[in-house]
Amino acid sequence: MQFEIRENSRSLWSWVLLNETAEPVIESRRHFPSRAQAAAAALTFSQLVARAGRTLSGGPRQIGFL
């Protein structure tokens, strides 16, 4: 998978995550005033997903202090 940064007709930028066949998997809901900001948002999203993958346990989530 790879991210693609796209510009729309109003000179706003967004990111799209593409699968191996270049089909969109998910797109940003926000638009950004610069390409650099859209790229930074894509990087942040990828880091959040990686962190979520590391915490995947397969079991029920425990709630509480213990």
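First, a word on what this report is: a plain description of the structure on this page. Being a predicted model, the structure only gives us computed values, none of them experimental.

So, the overall build of the protein
Within the protein, the secondary structure is distributed over one helix and three strands. Mapped in sequence order, the helices and strands of the protein form the string β-β-β-α. Here the protein holds 66 residues, and 17% of them are scored as buried. Considering only contacts in the protein between residues 6 or more positions apart, those separated by 24 or more positions represent 19%. Working note: accessible area of the protein is about 5,600 Å², and carbon and sulfur atoms make up 56% of it.

A word on a nonpolar patch on the surface
A grouping of Met1, Val25 and Ile26 is seen on the molecular surface, where their side chains present a nonpolar patch of about 290 Å² in accessible area. Using a relative accessible area of 34% as the deciding quantity, one classes Ile26 as partly exposed.

A word on unusual backbone geometry
A negative phi angle is the norm for most residues apart from glycine, just as the trans form is the norm for most peptide bonds. Although it is not a glycine, Ser11 sits at a positive phi angle of roughly 60°. Among the structural elements, Ser11 can be located in the loop between strand S1 (2–7) and strand S2 (13–18). Here Ala22, not a glycine, exhibits a phi torsion of approximately 65°, which is positive. Mapped onto the fold, Ala22 is located in the loop between S2 and strand S3 (24–27).

As for the pattern of salt bridges
Two side chains with opposite charge may pair up if their charged atoms get near one another. Within this structure, the stated rule accounts for one salt bridge. Between Arg6 and Glu4 there is a salt bridge, and its shortest N-O distance comes to 2.5 Å. Owing to a relative accessible area of 33%, Arg6 belongs among the partly exposed residues under this scheme.

Details of the side chain of Ser28
The topology assignment puts Ser28 in the loop between S3 and helix H1 (35–54). The buried category is assigned to Ser28, whose relative accessible area is 13%. From its side chain, Ser28 meets the backbone oxygen of Arg30 in a polar contact 3.1 Å long. Discounting residues that sit within four places of it in the chain, Ser28 has contacts with Ser14 and Trp15.

Quick look at the packing of aromatic side chains
On inspection of all chains with the given rule, the structure shows three aromatic pairs. Here the aromatic rings of Phe3 and Trp15 are separated by 5.4 Å at their centres, their planes lie at 80°, and the arrangement is edge-to-face. Taken together, the residues span a long stretch of sequence, with Phe3 in strand S1 and Trp15 in strand S2 at a distance of 12 residues. By relative accessible area, which is 31% here, Phe3 ends up partly exposed. Feature note: the residues Phe3, Trp15 and Phe45 constitute an aromatic cluster, connected by ring pairs.

Criteria and thresholds
- Residues numbered from 1 in each chain as written.
- Predicted model: local features only at pLDDT ≥ 70, side-chain atom pairs only at ≥ 80, totals over all residues.
- Heavy atoms only, no water.
- Helix = DSSP H or I, 4+ residues; strand = E, 2+ residues; numbered from the N terminus.
- Buried < 20%, exposed > 50% of the residue type's maximum accessible area, 1.4 Å probe, protein only.
- Contact = heavy atoms within 4.5 Å.
- Areas by Shrake-Rupley, 256 points an atom, 1.4 Å probe, with all protein chains shown as cover.
- Patch = residues over 30% accessible without salt bridge, like charges linked within 9 Å, V, L, I, M, F, W, Y side chains within 5 Å.
- Salt bridge = Lys/Arg side-chain N within 4 Å of Asp/Glu carboxyl O.
- Polar contact = N/O pair within 3.5 Å; in protein donor to acceptor, adjacent residues only side chain to side chain.
- Phe/Tyr/Trp six-rings, centres within 6.5 Å; stacked < 30°, edge-to-face > 60°.

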